[in-house]
Amino acid sequence: SSSSSRRQHASAASSSFTVMVRVPRWADAIHSTVLINGQPAAKPQPGTYYAIQRAWQSGDTVTVHFPLTLWTSALADQRPEFNSTLAFMYGPLVLVGLTTTTNFAPAGPVTDPASFIQRNTSSLPSQIRFTAKGSSLNMPITLALQPLYDTVTEAYTVYFTTRAPAPVPYGPSAQAVPSSAADLQVQGGAGLVPSLTPGLVDVRSGNPGEINNVTTTHPITGAPHRLVAFTMAYRYVAGYSPPPGKTLQAARFDVLLINPVTLQDVAVLYRSPVLDKYPFDHFSSYSPPQPVQASGLQVDNTDPLLVRLVFYNNERNVQLQLQANVGLNMTVTWD
């Protein structure tokens, strides 16, 4: 639970010089200590070098003590959508969450991770294991944390968005489901890339042969009502066009409603056709808007729901263009 180092200088005669001790940025300014010959010296300041200038004698000792504490490291990205994205740290160790979600809103001040993260007493003394209390997409969650170096085969997340997305509440008429770039969570090989239309962003489905997901992050909360309709619209370009005389199986995607806690499918809203026109490789334009209208649904909204796009790339891939301000222009309607 702590880290310290001990230095000793031995000399036949006294000698005057300065010892510079590096104080790591993660050091706790309150509990870190420096002892010279066993006597407390001035407090070290994190992220600096601690200068000890004196006439040294044979047998003099310097002991520094930097207790390991919990802290957060923000993602170095100045874009507003990432201003609440951070990693959890324990001293110099990066902690990962054993989860595939990237959304975790702590049950305490994010600047005080000790208020919602606890060390596991049931683990072996040599193991470093924690649990964190909070919510994911407005649903309670207990997150298992462990050092990145000790993670081999488990699925994990390093950087979490720690601001809970605003829900999509019930309304008597159709309500928009935010689906712009900042509102989407991409997984696997899927990604958000610059559009072929300057100033816009595309959802890229990944590479040939992959199956990847893109999920909205604003939970649909309409209890006790049922969802009865869903709409969206998309424009696309198809990648990896085959050469003349050859055929490659094109990509397609499904639109699902999922439970944000169990990640289980709740309903299938749409199955796209094969998307093999409007080539990316010889680009001239995106497709016209492709309307999606699912009506006559009777989907229980007692629990929050998310919209997930599952891309089946087959031998090609596809890019969906996100329209300015409205993304994929998703709406939901309740009874």
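Worth saying up front: this structure is predicted, and the values here are computed from it rather than measured.

### Some remarks on the overall build of the protein
Turning to step 1, where the next piece is worked out: The secondary structure content of the protein amounts to zero helices and 28 strands.
Turning to step 2, where the next piece is worked out: At 27 Å, the protein has a C-alpha radius of gyration far larger than the 20 Å of a compact globule built from 335 residues.
Turning to step 3, where the next piece is worked out: Counting over 335 residues, the protein shows a buried share of 44%.
Turning to step 4, where the next piece is worked out: Split by element, the accessible area of the protein, about 16,900 Å² in all, is 54% carbon and sulfur.
Turning to step 5, where the next piece is worked out: Where the 20 positive side-chain charges of the protein centre and where its 18 negative ones centre are 8 Å apart.

### Details of the pairing of strand E18 (residues 191-194)
Turning to step 1, where the next piece is worked out: Note that E18 and strand E19 (residues 201-204) share four bridges and pair antiparallel. The residue bridging Val193 from the neighbouring strand is Asp202, located in E19.
Turning to step 2, where the next piece is worked out: Here E18 hands over to E19 after six residues, with Gly199 in that stretch at a positive phi of 90 degrees.

### A closer look at the sheet that holds strand E17 (residues 184-186)
Turning to step 1, where the next piece is worked out: Read from one edge to the other, the open sheet built from five strands follows the order E17-E20-E26-E23-E24, with strand pairing classed as antiparallel. Edge positions in the open sheet fall to E17 and strand E24 (265-271), since each of these has one partner strand only. Averaged over all pairs of adjacent strands, the angle between strand axes in this sheet comes to 25 degrees, irrespective of strand direction.
Turning to step 2, where the next piece is worked out: Pairing between strand E23 (residues 252-258) and E24: five bridges, direction antiparallel.

### Some remarks on the environment of Ser15
Turning to step 1, where the next piece is worked out: Topologically, Ser15 is positioned in strand E2 (residues 15-23).
Turning to step 2, where the next piece is worked out: Sequence separation between Ser15 and Arg54 is 39 residues; the distance between their C-alpha atoms is 8.3 Å.
Turning to step 3, where the next piece is worked out: Among residues more than four places away in sequence, those in contact with Ser15 are Arg54, Ala55 and Trp56.

### A short note on the nonpolar core
Turning to step 1, where the next piece is worked out: Ile220, Phe230, Tyr234 and Leu320 are the most contacted members of the largest nonpolar core, which totals 36 residues.
Turning to step 2, where the next piece is worked out: Breaking this core down by element, the ones donating at least two residues are strand E22 (226-239), E23, E24, strand E25 (290-300), strand E26 (306-312), strand E27 (317-322) and strand E28 (330-334).
Turning to step 3, where the next piece is worked out: At six residues, the largest contribution of residues to this core is made by E22.
Turning to step 4, where the next piece is worked out: Within the second largest apolar cluster, 30 residues are counted, among which are Ile36, Val62, Leu93 and Ile128.

### Here we look at the packing of aromatic side chains
Turning to step 1, where the next piece is worked out: Going through the model one piece at a time under the given rule, you end up with 15 aromatic pairs.
Turning to step 2, where the next piece is worked out: Ring centres of Phe88 and Phe104 lie 6.1 Å apart, and the angle between their planes is 85 degrees; this geometry places the pair in the edge-to-face category. Residue Phe88 is found in strand E8 (residues 85-90), and its partner Phe104 is found in the loop between strand E9 (93-97) and strand E10 (105-106); the two are separated by 16 residues along the sequence.
Turning to step 3, where the next piece is worked out: On the numbers, 5.7 Å between centres and 90 degrees between planes, the contact of Tyr236 with Tyr278 is edge-to-face. Taken together, the positions of Tyr236 in strand E22 and Tyr278 in the loop between E24 and E25 put the pair 42 residues apart, joining distant regions of the chain.
Turning to step 4, where the next piece is worked out: Site record: aromatic cluster; members linked through ring pairs are Phe88, Phe104, Phe116 and Phe160.
Turning to step 5, where the next piece is worked out: Its end group placed over the ring of Trp56, Arg54 keeps NZ or CZ at 5.3 Å from the ring centre.

### Description of unusual backbone geometry
Turning to step 1, where the next piece is worked out: Residue Pro224 follows Ala223 across a cis peptide bond; omega there is 5 degrees.
Turning to step 2, where the next piece is worked out: Located in the positive-phi region is Asn314, a residue other than glycine, with phi close to 55 degrees.
Turning to step 3, where the next piece is worked out: Positionally, Asn314 belongs in the loop between E26 and E27.
Turning to step 4, where the next piece is worked out: With relative accessibility at 27%, the residue Asn314 sits in the partly exposed group.
Turning to step 5, where the next piece is worked out: In this structure, Asn329 is a non-glycine residue whose phi angle is positive, near 55 degrees.
Turning to step 6, where the next piece is worked out: Summarising the element assignment, Asn329 is placed in the loop between E27 and E28.

### Side note on a nonpolar patch on the surface
Turning to step 1, where the next piece is worked out: A grouping of Leu98, Leu148 and Tyr156 is seen on the molecular surface, where their side chains present a nonpolar patch of about 240 Å² in accessible area.
Turning to step 2, where the next piece is worked out: Of note, Leu98 is situated in the loop between E9 and E10.

### Looking at the pattern of salt bridges
Turning to step 1, where the next piece is worked out: Scanning the model with the defined rule gives five salt bridges in all.
Turning to step 2, where the next piece is worked out: Taking the shortest distance from any N to any O, the salt bridge between Asp254 and Arg271 comes out at 2.6 Å. Placement of Asp254 in strand E23 and of Arg271 in strand E24 is noted, with a sequence separation of 17 residues between them.
Turning to step 3, where the next piece is worked out: When its relative accessible area of 3% is taken as the criterion, Asp254 is described as buried.

### Regarding the pairing of E8
Turning to step 1, where the next piece is worked out: Along E8, six of the six residues are buried, which leaves the element largely enclosed by surrounding structure.
Turning to step 2, where the next piece is worked out: Neither face of E8 is left uncovered, since the one carrying Thr85, Ala87 and Met89 and the one carrying Leu86, Phe88 and Tyr90 both have all their residues buried.
Turning to step 3, where the next piece is worked out: Note that strand E7 (residues 70-74) and E8 share five bridges and pair antiparallel. Bridge pairing in E8 links Ala74 to Leu86.
Turning to step 4, where the next piece is worked out: Of the pairings in the sheet, the one linking E8 to strand E14 (residues 160-161) comprises two bridges and is antiparallel in character. Bridge assignment links Thr85 to a residue of E14, and that residue is Thr161.
Turning to step 5, where the next piece is worked out: Joining the antiparallel neighbours E8 and E9 is a turn of two residues, in which Gly91 adopts a positive phi near 60 degrees.

The rules behind each value
- Residues numbered from 1 in each chain as written.
- Predicted model: local features only at pLDDT ≥ 70, side-chain atom pairs only at ≥ 80, totals over all residues.
- Heavy atoms only, no water.
- Helix = DSSP H or I, 4+ residues; strand = E, 2+ residues; numbered from the N terminus.
- Rg over C-alpha atoms; globule rule 2.2 N^0.38 Å.
- Buried < 20%, exposed > 50% of the residue type's maximum accessible area, 1.4 Å probe, protein only.
- Areas by Shrake-Rupley, 256 points an atom, 1.4 Å probe, with all protein chains shown as cover.
- Lys, Arg positive; Asp, Glu negative; His and termini not counted.
- Charge placed at Lys NZ, Arg CZ, Asp CG, Glu CD.
- Pairing = 2+ DSSP bridges.
- Axes fitted to C-alpha atoms, helices over the stretch in contact; angles between N-to-C directions.
- Contact = heavy atoms within 4.5 Å.
- Core = buried A, V, L, I, M, F, W, Y, C linked by side-chain atoms within 4.5 Å.
- Phe/Tyr/Trp six-rings, centres within 6.5 Å; stacked < 30°, edge-to-face > 60°.
- Lys NZ or Arg CZ within 6 Å of the ring centre and 35° of its normal.
- Patch = residues over 30% accessible without salt bridge, like charges linked within 9 Å, V, L, I, M, F, W, Y side chains within 5 Å.
- Salt bridge = Lys/Arg side-chain N within 4 Å of Asp/Glu carboxyl O.

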